[in-house]
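Report on the structure
Single-letter residue listing:
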Amino acid sequence: MNVYLLRHPMPDIPKGVCYGRLDVPLAPGWESLISSKSLPAEIPDLVFSSPAQRCHRVARHLHEFHGWPEAQLEPLLQELDFGEWEGRPWEEIARSELDPWGADFVNVSAGGGESYLALSERCRTWMKQISKMEAETVFAITHAGFIRAFLSLCQDISLDKSFHFEIEYLGLVQVNLY
């Protein structure tokens, strides 16, 4: 099974603001970037999307303008939940809150939300689900954190080392699961 993971386009949110689960809109002009983005030559059998509008709007675009299957909204594909930090400028979050998370971002919940380990477990659950499906090609529109966790699981790399995976906006990753 070929699995493609696409990170959503740039959101319309000021730089330096913490967002993960926060449902922020896409920056203007994103449609033209999708149209020029290199996509797999083959139309996928199944398409999944995080429920965040910055992902499912892309999925809808691919369905309407590229003839792809309609996407299934999948909560497991969501970005890390930063809890009380969501929507706050990073510089306004107290060091006393940030430092414990920064020292162990894998196990410590961000802003009282979710740990990176919990995100990785969601990712593992989704991988198990899709591996049982009758599909040769699966495409998902998701987030950088989820993609890093996915790659860590596929390559057996510890989560604390996963940030060496640079996932740009509209970055596309392909993995053959079996």
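For the structure, check the block above.
Each residue is numbered by its place in its chain's sequence as written, counting from 1. Owing to the predicted nature of the model, reporting of local features is limited to residues with pLDDT of at least 70; listing and counting of side-chain atom pairs is limited to 80 or more, with chain, interface and lining totals taken over all residues. Hydrogens and water molecules were not included; the side-chain quantities draw on all heavy atoms of the structure.

The subject of this paragraph is the packing of aromatic side chains. Pairing of aromatic rings covers Phe, Tyr and Trp, the last through its six-membered ring, and needs centres within 6.5 Å; plane angles under 30 degrees mean stacked, over 60 mean edge-to-face, and all others mean tilted. For the structure shown, the criterion picks out 13 aromatic pairs. A ring pair is formed by Phe 48 and Trp 126, whose centres lie 5.7 Å apart and whose planes are at 85°; its orientation type is edge-to-face. With Phe 48 in strand S2 (residues 46-49) and Trp 126 in helix H4 (residues 116-131), the pair connects residues that are 78 residues apart, well separated along the chain. You can call Trp 126 buried: its relative accessible area is 0%. Here the aromatic cluster, defined as three or more aromatic residues joined through ring pairs, consists of Phe 48, Trp 126, Phe 146 and Phe 150. Geometry around Tyr 169 places Arg 7 over its ring, the cationic atom sitting 4.0 Å from the centre. Labels follow the DSSP assignment, with helices taken as runs of H or I lasting at least four residues and strands as runs of E lasting at least two, numbered in each case from the N terminus. Think of it in three bands: residues with accessible area under 20% of the maximum for their type are buried, residues over 50% are exposed, and the middle band is partly exposed, with areas taken using a 1.4 Å probe on protein chains only. Should the NZ of a Lys or the CZ of an Arg lie within 6 Å of a ring centre and within 35 degrees of the ring normal, that charge is described as sitting over the ring.

For Asn 2, the location among the structural elements is in strand S1 (residues 2-7). At a separation of 3.3 Å, a polar atom in the side chain of Asn 2 contacts the side chain of Gln 174. Two residues form a contact once any of their heavy atoms are found within 4.5 Å. Apart from residues no more than four positions distant in its own chain, Asn 2 is found in contact with Glu 42, Glu 136, Thr 137, Val 138, Gln 174, Val 175 and Asn 176. Here a polar contact means two N or O atoms within 3.5 Å. Within protein one must be a hydrogen donor candidate and the other an acceptor candidate, and residues neighboring in sequence count only if both atoms are side-chain atoms.

Attention shifts here to the pairing of strand S5 (residues 172-176). Only one face of S5 is covered, namely the one carrying Val 173 and Val 175; the face carrying Leu 172, Gln 174 and Asn 176 has none of its residues buried. Note that S1 and S5 share five bridges and pair antiparallel. Bridge assignment links Leu 6 to a residue of S5, and that residue is Leu 172. Strands pair, by our definition, only if DSSP identifies at least two bridges between them.

Before going further, it helps to examine the sheet that holds S1. Within the open sheet, the five strands sit side by side as S3-S2-S4-S1-S5. Their pairing is mixed. The sheet is open, and its two edges are formed by strand S3 (72-73) and S5, each paired on a single side. Interaxial angles span 0 to 180 degrees and are taken between N-to-C directions of axes, which are lines fitted to C-alpha atoms, for helices over the stretch in contact. Sitting on the sheet, helix H5 (residues 144-155) touches S1, strand S4 (137-142) and S5, and the angle it makes with S1 is about 150°.

Okay, the state of the cysteines next. The disulfide definition used here is simple: a pair of cysteine sulfur atoms within 2.5 Å. This structure, assessed with the given rule, holds zero disulfides. Cys 55 supplies the cysteine sulfur nearest to Cys 18, a cysteine that is in no disulfide, at a spacing of 16 Å. Not engaged in a disulfide, the cysteine Cys 154 finds its nearest cysteine sulfur in Cys 123; these two sulfurs lie 7.2 Å apart. The class of Cys 154 is partly exposed, set by a relative accessible area of 30%.

Everything listed here is a matter of geometry and, on its own, says nothing about what the molecule does.
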